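Structure at a glance
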Amino acid sequence: MTTQTAPTSKDVSVAQGSPGAQTTALSGGVTGVGQPAPDRGRTSIADVVVVKVAGIAAREIPGVYDMGGGLSRTIGAVRDRVPGGRPNVGRGVKVEVGERQTAIDLDLVVEYGVPITDVARDVRENVISAVERITGLDVVEVNVTVNDVHLPEEDGEGQVTDSRVE
């Protein structure tokens with residue numbers, strides 16, 4: 001007599017959701033009353049979840065001023081000023097999710113004066129830790145691109161200090 005048990009390793013597959021939205025299904029995936037509770041059913045994680053987790057984790061690192069390229073930051077600044085608008089934590093984050101693994105690309109703006117290699121290393125470590133802990137996916141790589149350096153005197157952009165007319 002043979003008995004079947006639920007698989008012990010993660011079974012990850014990509015499920016088709018709404019157009020443009022990818023979902024990764026993490027499942028032990030056996031149904032039935034006789035199965036242990038943690039193995040009954042499926043768990044699906046949308047790609048946007050990985051994007052948000054990575055974005056939040058990257059922003060936690062001191063020295064990261066903002067994320068995204070020039071155009072996305074400009075659009076994000078306008079969006080942040082609109083009443084009722086929420087900041088986009090996924091700005092500057094791209095992910096590729098496979099069956100059991102994910103790869104993440106980050107676009108950063110760093111503060112002037114901080115060692116860029118140290119910031120990139122700290123961001124990479126924090127993102128990998130957060131994504132693996134929260135999603136259960138293995139992060140194979142985190143590519144960091146530094147698009148700009150924020151200078152302290154840029155904080156007053158758009159403010160007119162001396163007017164030519166009264």
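This text goes with the structure placed above it.
In every chain, residue numbers begin from 1 and rise along the written sequence. Only residues with pLDDT of at least 70 are given local features in this predicted model, and only at 80 or more are side-chain atom pairs given and counted; all residues enter the totals for whole chains, interfaces and linings. To get the side-chain values, take all heavy atoms of the structure and skip hydrogens and water.

1. Some remarks on the overall build of the protein chain
To keep it simple, the criterion reads: Runs of E in the DSSP output that reach at least two residues are strands. Runs of H or I that reach at least four are helices, and both are numbered from the N terminus. For each residue, the accessible area found with a 1.4 Å probe, counting protein chains only, is set against the maximum for its type, and the residue is called buried under 20%, exposed over 50%, and partly exposed in between. Contact between two residues is taken to exist if any of their heavy atoms lie within 4.5 Å; hydrogens are not considered. Surface exposure here means Shrake-Rupley accessible area, sampled with a 1.4 Å probe, where a residue is shielded only by the protein chains that are shown.
Broken down by element type, the protein chain carries three helices and seven strands. When the helices and strands of the protein chain are listed from N to C terminus, the series reads β-β-β-α-β-α-β-β-α-β. Residues counted as buried form 31% of the 166 residues belonging to the protein chain. The contacts in the protein chain between residues at least 6 apart in sequence include a share of 60% that link residues at least 24 apart. By element, 51% of the accessible surface of the protein chain is carried by carbon and sulfur atoms, the whole surface being about 10900 Å².

2. Topic: the pairing of strand β5 (residues 93-97)
Note the following rule: Should DSSP find at least two bridges between two strands, the strands are regarded as paired.
Where β5 lies against strand β6 (residues 101-111), five bridges are found, and the strand directions are antiparallel. Counterpart to glutamate 96 in the pairing with β6 is alanine 103.

3. A few points about the side chain of aspartate 66
Using the following cut-off: Nitrogen and oxygen atoms within 3.5 Å of one another constitute a polar contact, given that in protein one can donate a hydrogen and the other can accept it, and given that sequence-neighbouring residues count only through two side-chain atoms.
Within the element layout of this structure, aspartate 66 appears in strand β4 (residues 64-67). A polar contact is formed between the side chain of aspartate 66 and the side chain of arginine 91, at a distance of 3.0 Å.

4. Section: the packing of helix α1 (residues 47-59) against helix α3 (residues 116-135)
As a reminder, the rule being used: Where helices are involved, their axes are fitted lines through C-alpha atoms of the stretch in contact, as for all axes, and angles between N-to-C directions lie from 0 to 180°. Each angle receives one of four descriptions, namely roughly parallel if under 35 degrees, roughly antiparallel if over 145, roughly perpendicular if within 65 to 115, and oblique otherwise. Two helices cross in a left-handed way if the nearer one is turned anticlockwise from the farther one by less than a right angle. They cross in a right-handed way if the turn is clockwise. By the convention adopted, Pro, Cys, Tyr, Trp, Phe, Met, Ile, Leu, Val and Ala count as nonpolar, Lys, Arg, Asp and Glu as charged, and the other residues, Gly among them, as polar.
In the contact formed by α1 and α3, the axes pass within 8 Å of each other and the chain directions differ by 140°. If you check the angle between α1 and α3, you find them oblique. Note on packing geometry: the crossing formed by α1 with α3 is right-handed. Residues Val50, Val53, Ala54, Ala57 and Ala58 of α1 form the contact with α3, whose participating residues are Val123, Asn126, Val127, Ala130, Val131, Ile134 and Thr135. Partitioned by chemical class, the residues of the contact of α1 with α3 number ten nonpolar, two polar and no charged.

5. Points about the environment of glycine 55
By the element assignment, glycine 55 lies in helix α1. In sequence terms glycine 55 and valine 93 are 38 residues apart; their C-alpha atoms lie 6.3 Å from each other. Among residues more than four places away in sequence, those in contact with glycine 55 are Met67, Val89 and Val93.

6. Some details on α3
Put simply, the test is: Here a helix's expected span is defined as the number of its residues, less one, multiplied by 1.5 Å. Each C-beta atom gives one direction from the helix axis, and the arc is the one those directions make.
With 20 residues, α3 ought to run about 28 Å at 1.5 Å a step, and its terminal C-alpha atoms sit 28 Å apart, in line with that. Listed in full, the buried residues belonging to α3 are Val119, Ala120, Val123, Val127, Ala130, Val131 and Thr135. The arc that holds the buried residues of α3, viewed along the axis, is 110°, so those residues lie on one side. Set apart from the buried face of α3 by more than 90 degrees, the exposed residues are Thr117 and Arg133. Just beyond α3, the residue with positive phi is glycine 136, at close to 85°.

7. Re the nonpolar core
Rule in force here: Throughout this description, the term nonpolar core refers to a set of buried Ala, Val, Leu, Ile, Met, Phe, Trp, Tyr and Cys residues connected via side-chain atoms within 4.5 Å.
Core analysis: the biggest nonpolar cluster contains 25 residues, and Ile104, Leu106, Val123, Val127 and Val131 have the highest contact counts within it. When contributions to this core are tallied by element, the ones reaching two or more residues are α1, β4, β5, β6, α3 and β7 (138-150). Excluding anything up to four places from it in sequence, isoleucine 104 contacts Val50, Ala54, Val93, Lys94, Val95, Val127, Val131, Val139, Glu141, Val142 and Asn143.

8. Brief notes about the pattern of salt bridges
Working definition: two side chains of opposite charge can pair if their charged atoms are close together. Convention followed: Note on definitions: salt bridges are taken to be side-chain nitrogens of Lys or Arg within 4 Å of carboxyl oxygens of Asp or Glu.
Overall, the coordinates contain four salt bridges when judged by the stated rule. Each of Asp118, Arg121 and Asp122 takes part in one network of salt bridges that share partners.

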